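# Examination of the molecular architecture
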Amino acid sequence: MDERPVDAGVLINELEGHLLIEATLGEGRAEAGRFSRQFGWLTDSQRVEVEERFAEVYVALAGVSWQRTVQRGAELRGEYEEAYRVLRRRVLSVWLFGMALISGAGVLIVSLARQ
């Protein structure tokens, strides 16, 4: 047996992935059934074939949609991280400028008080 500790986060992500795929397969089958009902002239074997193909396409399209969502999420994350870095630099710059002003005012006050 493998003695490495189990990463609960990875395990949960895998489980969620499997559940999502199964739910999508169920949705695809249900939609395939609704789709094939409009073709009353299909034989049972033809209906099964149409439903299987429809479900396959449905799941494939869902996968493409998920990949686009992941890609867009990564793009947005990069954009927000860059905006955060810019904002953090600005705040630091303002803080340093403020400290310099306060220090300068303190030195000026001390030098005026000594005169």
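The structure this text deals with has already been given above.
Description of the structure in this document. Because the structure is a prediction, the values reported are computed rather than measured.

## Remarks on the environment of E51
Tracing the sequence through the fold places E51 in helix α2 (residues 44-114). Under the relative-accessibility criterion, E51 is labelled partly exposed at 25%. Between the C-alpha atom of E51 and that of R114, which follows or precedes it by 63 residues, the distance is 93 Å. Contacts of E51, omitting those with residues within four sequence positions, involve A32, G33 and S36.

## Focus: the packing of aromatic side chains
Enumeration over the complete set of coordinates arrives at three aromatic pairs. With 5.3 Å between their ring centres and 70 degrees between their planes, F35 and F39 make a pair best called edge-to-face. Seen from their ring centres, F39 and W41 are 5.8 Å apart, and the 65 degrees between their planes marks the pair as edge-to-face. F39 gets classed as partly exposed once you look at its relative accessible area, which sits at 24%.

## Observations regarding the pattern of salt bridges
On inspection of all chains with the given rule, the structure shows eight salt bridges. Across the pair E56 and R53 runs a salt bridge, and its minimum N-O distance is 3.9 Å. Placement of both E56 and R53 in helix α2 is noted, with a separation of three residues, approximately one turn of the helix. Taking relative accessible area as the criterion, R53 reaches 48% and is therefore assigned partly exposed. The partner of R85 in a salt bridge is E82, and the shortest N-O contact between them spans 3.0 Å. Within this pair, R85 and its partner E82 are both found in helix α2, separated by three residues, close to a single helical turn. We classify R85 as partly exposed; its relative accessible area is 33%. When salt bridges that share partners are traced, they join E49, R53 and E56 into one network.

## Points about a nonpolar patch on the surface
A contiguous nonpolar patch, built from L92, W95, L96, M99 and I102 and spanning about 520 Å² of accessible area, is present on the exposed surface. Along the chain, the position of M99 falls in helix α2. Overall, the relative accessible area of 36% leaves M99 in the partly exposed class.

## Concerning the side chain of T24
Its place among the elements puts T24 in helix α1 (residues 8-36). Excluding residues that lie within four positions of it along the chain, T24 makes contacts with Y58, V59, A62 and W66.

## Focus on α1
In this model, α1 (29 residues) spans 42 Å end to end at C-alpha, consistent with the 42 Å of a helix rising 1.5 Å per residue. Residues of α1 that are buried include every one of T24, G28, A32, G33 and S36, and no others. Among the structural elements, α2 are those in contact with the buried residues of α1. A distance of 3.2 Å separates the backbone nitrogen of G9 from a side-chain oxygen at the start of α1, and that oxygen is part of D7.

Criteria and thresholds
Residues numbered from 1 in each chain as written. Predicted model: local features only at pLDDT ≥ 70, side-chain atom pairs only at ≥ 80, totals over all residues. Heavy atoms only, no water. Helix = DSSP H or I, 4+ residues; strand = E, 2+ residues; numbered from the N terminus. Buried < 20%, exposed > 50% of the residue type's maximum accessible area, 1.4 Å probe, protein only. Contact = heavy atoms within 4.5 Å. Phe/Tyr/Trp six-rings, centres within 6.5 Å; stacked < 30°, edge-to-face > 60°. Salt bridge = Lys/Arg side-chain N within 4 Å of Asp/Glu carboxyl O. Patch = residues over 30% accessible without salt bridge, like charges linked within 9 Å, V, L, I, M, F, W, Y side chains within 5 Å. Areas by Shrake-Rupley, 256 points an atom, 1.4 Å probe, with all protein chains shown as cover. Expected span 1.5 Å × (residues − 1). Polar contact = N/O pair within 3.5 Å; in protein donor to acceptor, adjacent residues only side chain to side chain.

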